[in-house]
Every structure is written in structure tokens, then in C-alpha cells.
Amino acid sequence: MPKETSEIKGYHAHIYFDSETAETARRLREEIERRFDIEMGRFHEKPVGPHPRFSYQVAFAPELFGTFIPWLALNREGLTVFVHAETGDELRDHTAHVFWLGESEGLKLDIFER
């Protein structure tokens, strides 16, 4: 049975970086904050949750998807970005409801055990 887009309450974009690309990630973060009305997560210089690399989260409303994601695709400066829907089903949101800008990476999904 098809799902309705009304199930999507928001999106998260996780910007991945490492020690060599941290300054690029900081510049991108500053530009995102300057341009968009979004909620920024902490700048984690260690893997956190299911994410295999350093990252920070950008939480945004479904209405911003059409402007924010294309902008991010053009301005990510080679950084990998993991984007997922927020429907309330954490496992599916991190596996089935995803988009990658750049190379995809394996997530640590065992934290979502049912």
C-alpha cells in the first residue's frame, strides 16, 4: 500500500566530515545558518549514533526540501551528506527513506533494534 507524504514530519541532513575536512564542514554550516531557517545540531568530531563518521545534523521542514536540498547538492564542497525523512519509524527512516549526496556509507543500524 502506498504511503502518503503527509507521514513526513520533517527531514534531517547529516553532513559527514573528518579531521581533514572539518574546516570545509564549518564553512558550509555557517553558510547554511546564514541562508536557511533551520535547526542545527551539534558539531560532532566523533561518530555519534548510527553515523560512521564525524557529522552534524541539519533539521528542516518538508516545505524546505525543494530549496535546501538542491542548494546543498551544489554547495556541499565534496562532503558526503546523508538525508532522511522523519516519519517516526527510526529504522525505516534511516534505511528506506534516505537520499545520499556523494558516496553512501554504511550506518550502524543495530541501535534501532526493535
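A quick note: this is a predicted structure, and the numbers were derived from the prediction, not measured.

A. Structural detail: the overall build of the protein chain. Of regular secondary structure, the protein chain possesses three helices and five strands. If you list the helices and strands of the protein chain from N to C, you get β-α-β-β-α-β-α-β. Referenced to the eigenvectors of the C-alpha coordinate spread, the extents of the protein chain come out at roughly 45 × 30 × 20 Å. Scored against the burial criterion, the 114 residues of the protein chain give a buried share of 38%. Look at the contacts in the protein chain between residues 6 or more apart in sequence, and 63% of them connect residues 24 or more apart. Carbon and sulfur atoms provide 49% of the accessible area of the protein chain, an area that totals close to 6,800 Å².

B. Looking closely at the packing of aromatic side chains. Under the definition given, this model contains 13 aromatic pairs. Aromatic pair F36 and F68: ring centres 4.9 Å apart, planes at 75°, arrangement edge-to-face. In this pair, F36 sits in the loop between α1 (22–35) and β2 (39–40) while F68 sits in helix α2 (residues 65–75), placing the two residues 32 residues apart along the sequence. For F36, a relative accessible area of 14% translates into the label buried. By the ring-pair criterion, three or more aromatic residues cluster together here, those being Y11, F36, F60, F65, F68, W71 and F99.

C. Representation of the nonpolar core in the model. Within the largest apolar cluster, 23 residues are counted, with the highest numbers of intra-cluster contacts made by I32, Y56, V58, F60, F68 and L72. Beyond its immediate sequence surroundings of up to four residues, L72 is in contact with A13, I15, L28, I32, V81 and L101.

D. Layout of the pattern of salt bridges. Taken as a whole, this structure holds seven salt bridges when the rule is applied. Among the salt bridges present, the one from E23 reaches R26, with a minimum N-O distance of 3.1 Å. Taken together, the residues span about one helical turn, with E23 and R26 both in helix α1 at a distance of three residues. For R26, a relative accessible area of 29% puts it in the partly exposed group. Between E31 and R34 there is a salt bridge, with the nearest N and O atoms lying 2.7 Å from each other.

Calculation rules
- Residues numbered from 1 in each chain as written.
- Predicted model: local features only at pLDDT ≥ 70, side-chain atom pairs only at ≥ 80, totals over all residues.
- Heavy atoms only, no water.
- Helix = DSSP H or I, 4+ residues; strand = E, 2+ residues; numbered from the N terminus.
- Buried < 20%, exposed > 50% of the residue type's maximum accessible area, 1.4 Å probe, protein only.
- Contact = heavy atoms within 4.5 Å.
- Areas by Shrake-Rupley, 256 points an atom, 1.4 Å probe, with all protein chains shown as cover.
- Phe/Tyr/Trp six-rings, centres within 6.5 Å; stacked < 30°, edge-to-face > 60°.
- Core = buried A, V, L, I, M, F, W, Y, C linked by side-chain atoms within 4.5 Å.
- Salt bridge = Lys/Arg side-chain N within 4 Å of Asp/Glu carboxyl O.

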